[in-house]
Amino acid sequence: MAIEGPLRELGIHDVFQLLDLSRKTGTLRVTSELRDNEGTVYFDNGRLIHASIRSQPHPLGTVLVRAGKISEADLAKARTVQHERNGGAKLGEVLIELGAITPRELERQVRQQIEAVVFELMSWREGFFSFEERGVGDAPLEASIRISTESLLMEGARRIDEWSRIADKVPNLGVVPVLAPVDDSHPTLLDLLPNEWAVLALIDGVKDLRVIAGALGQSEFDVAKIMYGLVSTGVVALKAPERPSGPVRVEDPTPFLQRGANALALGRIDEALGEARNALAADPGSALARLLAARALVRLGRLADSMDELRKAADADPLNPDVHLELAYAASRRGDMLAAVQSWDQFLKLRPASSGADRVRAAMEAAMRLNNLIEAHYSV
């Protein structure tokens, strides 16, 4: 039986504590409509083994490259080895085998990645959680690690206290940082750390803190903490976000879609889903991005979420035959043969000369026969 409920009734800190004390194994999903965000955490006997969040869809390889721990060439070589082994080897294990990174450094980076997700979830006060007790053999692990939930809870509590201090100068993540006017009383040379320079470089008077955190692949907490320091020293000022007066700017989602399709073909499902989210960030109206997300979500076993993406894809582009084909298979999976037949029929109308048209017609006929048998059974 699933453990689920709204966060306003059982806080996320209490949910983690419950799963830790009862030594649960399974998947926790936390969603927030307010933030348009979703986090997924895998537990094995009460310990965390993997965590991801939609707003920061950065796979381990990308994180390691951005952190300067491995090169693009190291990552490409490791991916090639994974492909040669039919995806049977974890990325982290291959990188260690190739000598690109040490086991200790890999563990430290993976732990930081999991911690960033968990601490972000712990800051949520609204939303919904659902825990499904199940095996974790299908968890998208890229390295083997087991983290004590208790230690994360203690660090999370410390961060919550620190958030209250940060909020004195950084009230929320929706504020937009701007460079403060030059003051003669301030030194002309800034003594900043590399991660502080990275944040400073993205300040353009338009991006808010949440967008900056996503662009850097850093946690919102870390970016807010850096901003607190920059505001305190007078380097940066904060302003309320401006409402856009013109049409929303749309970027080209094609590079994300291409990388996502390649990742999906190679079985790197989380990476494919992340690229689909990046494509949607570039072009929120992209039906192809919705379709890619739906296909990735099916592979992750998230059928309801996949169906939701397919409906949005159909709304965005009602004449895309591939969307109707996926809708047909989704309907057949849930046993709705009549809906499956209707979607297959729509696919054939839009693409009658498809190479797979005969296979689709055969599926339609089988679905219609099954639907007729079901109706005949219940009409007796």
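Presented here is a report on the structure given in the accompanying data block. (Residues numbered from 1 in each chain as written. Predicted model: local features only at pLDDT ≥ 70, side-chain atom pairs only at ≥ 80, totals over all residues. Heavy atoms only, no water.)

1. A short note on the pairing of strand β4 (residues 47–53)
Consideration 1: Within β4, five of the seven residues are buried, which leaves it mostly tucked inside the rest of the structure.
Consideration 2: As paired elements, strand β3 (residues 37–44) and β4 share six bridges and run antiparallel to each other. Considered in β4, the bridge of F43 is made with L48.
Consideration 3: Where β3 hands over to β4, the hairpin turn is made up of two residues, of which N45 adopts a positive phi near 55 degrees. (Buried < 20%, exposed > 50% of the residue type's maximum accessible area, 1.4 Å probe, protein only. Helix = DSSP H or I, 4+ residues; strand = E, 2+ residues; numbered from the N terminus. Pairing = 2+ DSSP bridges.)

2. Here we look at the side chain of S306
Consideration 1: Here S306 lies in helix α13 (residues 303–316).
Consideration 2: At 2.8 Å, the side chain of S306 and the backbone oxygen of A294 are in polar contact. (Polar contact = N/O pair within 3.5 Å; in protein donor to acceptor, adjacent residues only side chain to side chain.)

3. Digging into the nonpolar core
For soluble globular proteins, the rule of thumb is that nonpolar side chains tend to be buried together.
Consideration 1: In terms of nonpolar packing, the biggest core is built from 41 residues, with F16, L28 and L48 touching the most fellow members.
Consideration 2: It is helix α5 (residues 103–122) that provides the largest number of residues to this core, a total of eight residues.
Consideration 3: If near-sequence neighbours (up to four positions away) are discounted, L48 is found in contact with F16, V41, Y42, F43, I114, V118, I145, R146, I147, T149 and L152.
Consideration 4: With 21 residues, the next largest nonpolar core counts L200, I226, M227 and V231 among its residues. (Core = buried A, V, L, I, M, F, W, Y, C linked by side-chain atoms within 4.5 Å. Contact = heavy atoms within 4.5 Å.)

4. What to know about the side chain of E38
Consideration 1: Topologically, E38 is positioned in strand β3.
Consideration 2: Owing to a relative accessible area of 6%, E38 belongs among the buried residues under this scheme.
Consideration 3: Non-local contacts of E38, meaning those with residues more than four positions away in its chain, are made with R29, V30, T31, S52, I53, R54, W124, R302 and D305.

5. Concerning the packing of helix α10 (residues 254–265) against helix α11 (residues 269–282)
Consideration 1: Contact geometry for α10 and α11: axes closest at 8 Å, N-to-C directions at 165 degrees. For the element pair α10 / α11, the angle class is roughly antiparallel. Crossing geometry of α10 relative to α11 is assigned as left-handed. For the pair α10 and α11, contact is made by F256, L257, R259, G260, A263 and L264 and by I269, E271, A272, E275, N278, A279 and A282, respectively. (Axes fitted to C-alpha atoms, helices over the stretch in contact; angles between N-to-C directions. Parallel < 35°, antiparallel > 145°, perpendicular 65-115°, else oblique. Left-handed = near helix turned anticlockwise from the far one by under 90°.)

6. Overview of unusual backbone geometry
A negative phi angle characterises most non-glycine residues, just as the trans form characterises most peptide bonds.
Consideration 1: Located in the positive-phi region is R23, a residue other than glycine, with phi close to 50 degrees.
Consideration 2: With respect to the secondary-structure elements, R23 resides in the loop between α1 (12–21) and β2 (26–32).
Consideration 3: Overall, the relative accessible area of 45% leaves R23 in the partly exposed class.
Consideration 4: For N45, which is not a glycine, the phi torsion comes out positive at approximately 55 degrees.
Consideration 5: One can find N45 in the loop between β3 and β4.

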